[in-house]
Structures are given as C-alpha cells and as structure tokens.
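# A closer look at the structure
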There are 2 protein chains.
Amino acid sequence: MFSKACEYGIRASIYIALKSLEGTRVSLKEIAEKIDSPVAFTAKVLQQLSKNDIVESIKGSSGGFEISKNNISQIKLSQIVYAIDGNNVYEGCGLGLKRCNAKEPCPVHNRFVQIRAELKNMLESTTLYDMTMGLEQELTYLRR
Amino acid sequence: MFSKACEYGIRASIYIALKSLEGTRVSLKEIAEKIDSPVAFTAKVLQQLSKNDIVESIKGSSGGFEISKNNISQIKLSQIVYAIDGNNVYEGCGLGLKRCNAKEPCPVHNRFVQIRAELKNMLESTTLYDMTMGLEQELTYLRR
DNA sequence: ATAAATTAGGACAATTTTGTCCGATTTAAT
DNA sequence: ATTAAATCGGACAAAATTGTCCTAATTTAT
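Residues numbered from 1 in each chain as written. Chains lettered and ligands numbered in written order. Predicted model: local features only at pLDDT ≥ 70, side-chain atom pairs only at ≥ 80, totals over all residues. Heavy atoms only, no water.

### Focus on the interface of chain B and chain A
Each partner contributes to the interface: chain B provides 37 residues, whereas chain A provides 37 residues. Taken together, the links from chain B to chain A amount to 2 salt bridges. One salt bridge in this structure joins R144 of chain B and E104 of chain A, with 2.5 Å as the shortest N-O distance. Summed over the shared surface of chain B and chain A, the number is 8 residue pairs in polar contact (both at pLDDT 80 or more). Where the side of chain B that touches chain A is concerned, the elements lending two or more residues are α1 (4–21), α6 (109–125) and α7 (128–132) of chain B. Sort the elements by how many residues they give to the side of chain B that touches chain A and α6 of chain B lands first, with 6 residues. Residues of the side of chain B that touches chain A, tallied by class, amount to 21 nonpolar, 4 polar and 12 charged. (Contact = heavy atoms within 4.5 Å. Salt bridge = Lys/Arg side-chain N within 4 Å of Asp/Glu carboxyl O. Polar contact = N/O pair within 3.5 Å; in protein donor to acceptor, adjacent residues only side chain to side chain. Helix = DSSP H or I, 4+ residues; strand = E, 2+ residues; numbered from the N terminus. Nonpolar A, V, L, I, M, F, W, Y, C, P; charged D, E, K, R; others polar.)

### Let's talk about unusual backbone geometry
For residues other than glycine, phi is negative in most cases, and the peptide bonds are mostly trans. Residues and elements named next belong to chain A. Although it is not a glycine, S62 sits at a positive phi angle of roughly 65 degrees. Turning to its location among the elements, S62 is positioned in the loop between β1 (56–58) and β2 (64–66). For S62, a relative accessible area of 63% translates into the label exposed. (Buried < 20%, exposed > 50% of the residue type's maximum accessible area, 1.4 Å probe, protein only.)

### Looking at the protein's contact with DNA strand D
What surrounds DNA strand D is a group of 24 residues, the closest being L28, K44 and S57 of chain A together with P38 and S61 of chain B. Measuring from a phosphate oxygen of DNA strand D, one finds a backbone N or O atom of K4 of chain B at 3.0 Å. Of all the elements in the fold, those that place two or more residues in the surface near DNA strand D are α3 (39–51), β1 and β2 of chain A together with α1 and α3 (39–51) of chain B. Its residues assigned to classes, the surface near DNA strand D shows 8 nonpolar, 10 polar and 6 charged. (Near = heavy atom within 4 Å.)

Shape descriptors only; they carry no functional weight alone.
Spelled out as structure tokens, the structure:
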C-alpha cells in the first residue's frame, strides 16, 4: 500500500506527536528506536516531513523533532502520505494504464474507484491526534 | 497497489480470456502488443500464471496461451493477484509492523481492516469473465 | 527428417527503493 | 572560545523490482 519510507514516516510522526503532547521534544535516535526503523533512513524521511511542514526540526544541542499541539489535531494521515508517496495512492490505474478514467476506463476502473474513495475518505478523516490515542495505554503499538 | 508484474498479469489474463471466448489461442507477442507490455517480462509473468493454473500454455508451432471457458467464469481476480503478488495485499500491516492484529494493533489497524475487507471482497467477487465484458464494444480498454 | 513457430528458463542489465556513511552545520552548555 | 549534541545533505551501497537477451525444448507443417 505505502512505501517503506512512508510507513516509517507515519510511525515517526505519530511518535513525535505523542511525545509533543507530553511536552517533550524527541531526537532522531529515540524515534528510530521507538518505531524500530533504520536510523539514517528515518533521518531522510524526517527531512522530507520537515520540508512539508508535517514535523518541525530543531537543530543543535537539545534539538530534535516536535509537532505543535495545534498541528497534531489538524494534520491528516493523507498529508503525511502525500508528503512522501505523492498521489500514487489516489490516482493511478489499478491495472497500470497511463490514461484511465470514467470516459476511458480499464476493466476494473469502476470497482477500484469505490475502494479508493473509501481509502481516501479514511486517510483524510484521520488526524495525527487520532492515531496517538491508545498508545499510552498500550492499546496500540508503533513497533512489534 | 499491485506490482507491475501483477498489473501485466491481470491485463494479459483478461486479454487471453477475451480471445479464448472467441475460440482463438493467442501468442505471447500478440498479448504484449495488445496490453502494451514488455514482451520478455510478460513471458515471465505468464510462466508464473501458467504454473498457478490461471492460464494454459501450449508450446510449439501454433502454440500460445488460452483459458478454458469454464475457468474464465470461475477464476477470480483475487487468484491472479495471489499468484503473482502473494498475500501482500490482504495481510501486512498498513504501517509495516511485522505483527499487527486485533489483539496487538497498530494505530490505524481498525481503520485499515475495513478498507482491506472491501478490497478483498471486490477481488474475490470479480471473475475473469466480468473483466472481459465491455472490451469488445470498447467500453473498457487494456491499453491506453 | 527438416524447418519454422512457439513457450521455457537461465543469465544478465537497468532502474528504483531502501539503507549506510561521513563531513558540514547549527545550537546550547561550559 | 571550545566542546558536545544534534540535524542536514551529499555520496555511496545493497537489495528488490523491472526489464532484456539468448539458448533450449516442444510442437506443427512440409
């Protein structure tokens, strides 16, 4: 569904949001540990997220990553996905045709648009805040 | 969603089904042309489909590929996907966790299982025959 | 038997994705 | 000022996916 980069990006964002809600900034090293991802690769992903204003990066000693409380409740899962994977998830024919739309559909176009619409709806209605719920009480996990 | 190999595989299967319904066997070359795919790569995919009894391959002069009428109405899109991409589409956590289930879910597990269930349902209820409908009258296309 | 047309399959090549390494830069603390 | 702790960013490396090429094997027609 998503690229590895995107998976790491989502998990990282959720962890940063969680800690930001607690008022603490987190380092790359800590993030990679808590979401079980390769450190250097995660760094690249976080750069990408930083450039897209999903996370805020603070350089220097005592630096790290954080997300403002306001953004935690505003940022949608769809934005994180878009920042890393672009619109591959939404657009793009299920059978790989370059042109595929209602007028000139592939044989599964209509079946796919339905599924995709629901996926889109889900991604656009899920906030970072939503995804932090349950982590504290270990009802959900970021590494397994 | 699917790998390139899988996309070619689905399109190839649909084309073979279409021609088999007309009673004609088709060659690799013709398939690749009609679905606009790289010939040699498509050959590999068809080998895979043949091994999984999705298509029947006949060697030698006047050989080619075909699918029995019975199979055309029996084979589900899900089987083609499974033959090439395995169960990546169904299983596998949306955030890439190795273990992720109702008991130990990732933060988006519940949201994803819903989407995935509908996708699964769609793939399992769409037959090869269903996907050939519309091709003759150019209501749908296999290359664009 | 021979030739022609076809799929099978192994080896290789190119591209994309994933991952690593290291020096540069920035910031805070001493 | 110096040092330590952190991100940034470029270059490189490994792995996976996608794609190509060539020979072998099979079948039909002559």
